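Coordinates in review
Here are the chains, one letter per residue:
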Amino acid sequence: MKSAETGNMSNVRFNHLLRGACLMWFWQAVFAFETGNKLWEVPTPHFASSSYHNASWHWEPYSECHHLMERARISADIPPRLDGTWVSTRCEIRPGPEFLTRSYTFHTSRQFRALQHYYTDSNCEAPIYSLIIKGRIRLRQASWITHGGTEGEHHLSKVGIVVHSLTAMQRLASRLPQICVDLTLSRMVPGKLHEMYNTRAGRGCLVAMGFSMMEMGLIRVETRHHYHGGKVQELFLGDIHTDWTQRTHYRPTGYQQPLQNAMHHIHPCPVCALVYRSSEHRPPLLSHSPTAPLSLDGLWVSHRCEARPAVLFLTREFTFKPNKHAWEGTYRHYSDPACSQPTFTLRASGHYAQGNPSPKVSGAVELVFKVTQVKVTALEASTAKMLNRARPGKCGWPGDWEIGVERDLAPTDGCTVLGIKLPHKEYELFKTELNHRKNLLLFTGERPTDGSNPDRPQRRPTSFQAPMVLCSERETPPTYGSGFNSKQVQSTASGTERLAELVILVFGLTMFNYFCVY
């Protein structure tokens with residue numbers, strides 16, 4: 001299914017448009033220079049260890065599903081406070097697919113100890129091996145690319161592995177080069193810790209396993225303060241590249257699904273307790289929960305402001321009509337991690353066909369989506385200006401874009417600037433499950449990190465985006481992030497405008513690399 005997320009505005013898919021797109025962004029930058037705007041003047045402080053200060057972003061999320069969500073105030077400290085243990089709340093699915101649970105402990109000395117447990121199945125019932133990772137982490141500065149995130153630098157000291165059975169050893173051996181099998185696996189004993197890496201030894205076999213801690217290159221911590229008392233803390237670490245060959249050196253610009261603080265997590269959370277009590281010798285064995293049958297009928301919405309690679313913040317809203325095999329998606333894009341500063345809204349619609357159960361991810365279903373209509377509304381001047389500079393007949397009619405006015409892309413068969421082509425077909429992966437409150441969640445396929453298009457079955461996703469929640473009430477979605485107040489960004493309106501220019505002008509081409517219709 002081709003997502004309307006800007007994360008798929010891809011010039012990778014439209015290489016023949018690259019020259020024109022680059023020229024457009026060049027003139028946009030020239031315009032900013034001539035008007036005296038500094039493209040790199042971003043209101044994010046350069047942190048030094050001696051001058052760290054507690055700075056929070058506060059926003060009041062308004063949920064379209066009042067009956068499903070508790071009202072809460074969310075703050076994000078910059079720099080983030082990592083001290084404590086952070087754990088998975090469910091069996092995690094990474095691209096590949098890989099199935100794992102994580103438990104990361106950070107100390108005030110900057111030392112960290114991470115446990116990663118890998119499984120054969122998407123329910124995390126059959127463990128293969130566990131990794132114990134030790135090292136140091138240093139927080140550097142606020143990210144210039146992903147607003148609201150902090151850049152991190154890690155150094156590994158040791159990585160150990162415990163394989164949990166002979167069958168697991170055979171399974172692991174099938175994934176490794178013969179030299180790793182001869183030098184590493186041949187010396188392993190199931191249930192015994194074996195050191196795979198230290199400061200004197202190389203990490204070739206770890207790389208062959210797809211191991212990387214590059215996720216620590218981008219960090220964000222959010223705290224949800226509930227009005228009835230109590231709080232939940234979540235740790236967002238950098239996203240994992242969807243291409244296995246790229247993941248060991250990819251510098252993240254988006255986030256994975258968050259870990260929760262073991263002391264401040266959602267209650268009840270049986271998985272949290274199991275993961276917290278686990279060790280490299282005793283991986284958590286999660287109880288099998290019946291998979292909810294895929295029933296898409298109704299309205300599904302984001303339950304938080306979502307982050308995507310390449311400076312993207314958005315909320316999503318899907319409506320499905322199974323009796324007509326029809327769908328409609330609304331994507332609201334913002335320039336900030338609180339989803340309080342809207343840039344544009346996109347509405348896409350079309351039809352879909354449901355296929356067979358996934359052979360790779362248990363409980364997931366394969367689908368094929370066709371996008372037949374897309375409408376876009378520019379919500380700030382930079383976006384409208386950019387769209388008006390598109391080649392005539394390539395993105396609506398020139399000079400047609402106005403702030404707050406919705407435009408149909410059908411007359412020009414899409415919009416080359418946004419990477420949208422109509423009609424369009426995409427191969428998708430869906431899964432539904434119940435959360436801790438027995439509310440139904442919808443997981444849709446994760447978008448390729450490089451912006452490529454899953455327009456063939458072999459490019460179908462193997463992992464998922466953030467879940468969406470089913471609404472039983474049809475309410476008019478208001479703007480997220482009302483009441484946003486930043487103590488970190490002590491800037492005037494002009495400073496905010498410069499930030500928007502940075503997002504739109506400097507990283508705009510990268511942002512559109514990830515745009516897709518649905």
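Since the structure is predicted, the reported quantities are computational estimates derived from the model, not experimental observations.

Let us look at the overall build of the protein. Counting its regular elements, the protein contains eight helices and 25 strands. Buried residues in the protein amount to 58% of all 518 residues. For the protein, the proportion of contacts with a sequence separation of at least 24, taken over those separated by at least 6, is 67%. Element-wise, carbon and sulfur atoms account for 53% of the exposed surface of the protein, whose accessible area totals about 22000 Å².

All right, on to helix α2 (residues 166–173) then. Residues A168, M169 and L172 constitute the buried set of α2. Along the axis of α2, the buried residues cluster in a sector spanning 105 degrees; they form a single face. In this structure, α2 carries L166, T167 and Q170 as exposed residues pointing more than 90 degrees from its buried face. Along its buried surface, α2 packs onto β7 (127–142) and β8 (150–163).

Below, the discussion takes up the state of the cysteines. A complete count under the given rule lists five disulfides for this structure. The disulfide partner of C180 is C205, and the S-S distance across this bridge is 2.2 Å. Torsion about the S-S bond of the C180 and C205 cystine: about -105 degrees, corresponding to left-handed handedness. In this pair, C180 sits in helix α3 (residues 178–183) while C205 sits in helix α4 (residues 204–208), placing the two residues 25 residues apart along the sequence. For the pair shown, C180 and C205 are each scored as buried. Sulfur-sulfur distance for the disulfide between C395 and C415 comes to 2.0 Å.

Glancing now at the pairing of strand β16 (residues 326–334). Most of β16 sits out of view: eight of its nine residues are buried. Summarising the sheet, strand β15 (residues 312–321) and β16 pair through nine bridges and their orientation is antiparallel. Paired with F313 across the bridge in β16 is Y334. Between β15 and β16, which pair antiparallel and follow one another directly, the connecting turn spans four residues, one of which, H325, has a positive phi of 55 degrees. Direction of pairing for β16 relative to strand β17 (residues 342–357): antiparallel, over a ladder of nine bridges. The residue bridging Y331 from the neighbouring strand is L346, located in β17.

The next point concerns the pairing of strand β22 (residues 424–434). Among the eleven residues in β22, nine count as buried, and that is most of the element. Bridge analysis of strand β18 (residues 365–378) against β22 gives seven bridges, and the strand direction is antiparallel. Note on β22: the bridge partner recorded for E366 is L429. Direction of pairing for β22 relative to strand β23 (residues 440–444): antiparallel, over a ladder of five bridges.

Once that is clear, we can look at unusual backbone geometry. The bulk of non-glycine residues show a negative phi, and the bulk of peptide bonds are trans. Omega for the bond connecting I78 with P79 falls within 30 degrees of zero, at 5 degrees, which places this linkage in the cis form. Checked against the element boundaries, P79 lands in the loop between β2 (72–77) and β3 (84–87). The amide bond that connects H267 to the next residue, P268, takes the cis arrangement and shows omega of -5 degrees. Looking at the element boundaries, P268 is found in the loop between β12 (259–261) and α5 (270–276). Phi at R110 takes a positive value of approximately 80 degrees, unusual for a residue other than glycine. Its location among the elements puts R110 in the loop between β5 (98–106) and β6 (111–119). Classification of R110 as partly exposed rests on a relative accessible area of 36%. You will see that D413, though not glycine, has its phi angle at about 55 degrees, which is positive. With respect to the helices, strands and loops of the structure, D413 is situated in the loop between β19 (406–408) and β20 (414–415). A relative accessible area of 52% places D413 in the exposed class.

Let's shift gears to the environment of T242. By the secondary structure assignment, T242 is in the loop between β11 (231–237) and β12. Using a relative accessible area of 27% as the deciding quantity, one classes T242 as partly exposed. Ignoring anything within four residues of it in the chain, the contact list for T242 reads P95, E446, R447, P448 and T449.

Turning next to the packing of aromatic side chains. This structure, assessed with the given rule, holds twelve aromatic pairs. Considering the side-chain rings of F369 and F430, the 5.4 Å spacing of their centres and the 35 degrees angle between planes classify their relative orientation as tilted. Highlighted residues: F369 in strand β18 and F430 in strand β22, separated in sequence by 61 residues. Taken as a pair, F369 and F430 share a single burial class, namely buried. One aromatic cluster in this structure is built from F318, F320, W327, Y331, Y352, F369 and F430. Above the face of the W244 ring, R247 is positioned so that its terminal group lies 4.6 Å from the ring centre.

Relative to the helices and strands, E306 resides in strand β14 (residues 306–308). Given the relative accessible area of 2%, E306 is considered buried. A polar side-chain atom of E306 sits 2.6 Å from a polar atom in the side chain of R308. Other than its neighbours up to four places away in sequence, E306 contacts L312, F313, L314, R316, C339 and A466.

Cut-offs applied
Residues numbered from 1 in each chain as written. Predicted model: local features only at pLDDT ≥ 70, side-chain atom pairs only at ≥ 80, totals over all residues. Heavy atoms only, no water. Helix = DSSP H or I, 4+ residues; strand = E, 2+ residues; numbered from the N terminus. Buried < 20%, exposed > 50% of the residue type's maximum accessible area, 1.4 Å probe, protein only. Contact = heavy atoms within 4.5 Å. Areas by Shrake-Rupley, 256 points an atom, 1.4 Å probe, with all protein chains shown as cover. Arc of directions from axis to C-beta. Disulfide = S-S within 2.5 Å. Pairing = 2+ DSSP bridges. Phe/Tyr/Trp six-rings, centres within 6.5 Å; stacked < 30°, edge-to-face > 60°. Lys NZ or Arg CZ within 6 Å of the ring centre and 35° of its normal. Polar contact = N/O pair within 3.5 Å; in protein donor to acceptor, adjacent residues only side chain to side chain.

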